[in-house]
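Commentary on secondary and tertiary structure
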Amino acid sequence: KELWEYRDLLFLFVRRDFKTMYKQTILGPAWILLSPLLTTGMFSLIFGRIAGISTDGTPAFLFYMAGNILWNYFSSCLSATSSTFIGNAGLFGKVYFPRLVVPLSGIASNLVKLGIHLCLFIVIYLYYYIQGADLTISWTVLLFPFLIFMIAFHAMSWGLIISALTTKYRDLTQLISFGIQLFMYLTPVVYPLSATPQKYYSFISLNPLTPIFETFRYSWMGSGALDWGGLGYSFIILLCSLFLSVVIFSRVERNFMDTV
């Protein structure tokens, strides 16, 4: 109820984030399009051509673009949420508002970027489809909003826990960027789950993001796998981690100004 009452503040934070994101840059908002294209091109060269990793018969550039846009959204939301307390200490010390407005605004502002990336993905998808690539859209593409919801709140719940810990242990902030990069390789972003060596298959499957990425590729391209059990497992992990993170966040916010 309190979050709903402060919804105007949420929209103001989203507007602020989007305006300052590319302020004082040469290309400005063009980076929203250039960033996934450059990253996808690098993935295609390194993992597709040099390493020769399978893409399940899907055009390499499209395969890596699909994983890249989802991972960009997850990592951006996680980074924004994990700095909730440290990055807004001055603001929190001056005025009261529900502190959860800040991480929710990070999710919403990154959702704008995701929408632009998705439009770019559809353009590239249509190009390959017209060229005769073997692409099959499944009815499960309707699950896309649900998949994005799961990615966003997985990132938010983990970010809230990190944010609560970094109020007391500042050196943990140095590990966040490294940890995000490492976690990417534990998620089927640059490889399909089917290409995972058997001895690591079960370990990668335990990652709650794995069924989300696999379902997205299955929905749009026919590759990957649709695992309802995996999606159910991911959703249960999401509910547990979200509940735990909100409890921890609520306890820390009461006295974090004294700690900071």
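These figures come from a predicted structure and were not determined experimentally.

Another point: the packing of helix α3 (residues 31-50) against helix α7 (residues 101-130). The geometry of α3 relative to α7 is characterised by a closest axis approach of 10 Å and an angle of 55° between their N-to-C directions. Between α3 and α7, the angle falls in the class oblique. Relative to α7, the crossing made by α3 is right-handed. On α7, the residues that touch I32, L33, P36 and L37 of α3 are K113, I116, H117, L120 and I124. The class makeup of the residues in the contact of α3 with α7 is 7 nonpolar, 1 polar and 1 charged.

Before going further, it helps to spend a moment on the nonpolar core. Ranked by internal contacts, the top residues of the largest apolar core, which has 54 residues, are W71, Y73, F74, F121 and F216. Secondary-structure elements contributing two or more residues to this core are α3, α4 (60-82), α7, α8 (144-166), α9 (173-184), α11 (210-221) and α12 (228-259). Here this core gets 12 residues from one element, more than from any other, and that element is α4. Aside from chain neighbours lying at most four places away, what touches F121 is L62, M65, A66, I69, F216 and W220.

So, about the side chain of S245. As for its placement among the helices and strands, S245 is situated in helix α12. Residues within four places of S245 in sequence aside, it is in contact with S157, L160 and I161.

Rules behind the numbers
Every chain's residues receive numbers from 1 upward, in the order its sequence appears when written. With the structure being a predicted model, the display of local features is reserved for residues of pLDDT at least 70 and the display and counting of side-chain atom pairs for 80 or more, all residues being used for whole-chain, interface and lining totals. The side-chain figures draw on all heavy atoms in the structure; neither hydrogens nor water molecules are used. Fitted lines through C-alpha atoms serve as axes, helices being fitted only where they are in contact, and the angles separating the N-to-C directions of these axes extend from 0 to 180 degrees. What counts as a helix is a DSSP run of H or I of at least four residues, what counts as a strand is a run of E of at least two, and both are numbered from the N terminus. Should an angle lie under 35 degrees it is considered roughly parallel, over 145 roughly antiparallel, and from 65 to 115 roughly perpendicular; all remaining angles are considered oblique. Crossing handedness is defined as follows: a turn of the near helix away from the far one that is anticlockwise and smaller than a right angle gives a left-handed crossing, while the clockwise case is right-handed. Residue contacts are counted whenever heavy atoms from the two residues lie within 4.5 Å of one another. Under the scheme applied here, ten amino acids are nonpolar (Ala, Val, Leu, Ile, Met, Phe, Trp, Tyr, Cys and Pro), four are charged (Asp, Glu, Lys and Arg), and all others, including Gly, are polar. We define the nonpolar core as a collection of buried residues of types Ala, Val, Leu, Ile, Met, Phe, Trp, Tyr and Cys that are connected through side-chain atoms lying within 4.5 Å of one another. Under the scheme applied here, a residue whose accessible area is under 20% of the maximum for its type counts as buried, over 50% as exposed, and between as partly exposed, the area being computed with a 1.4 Å probe on protein chains only.

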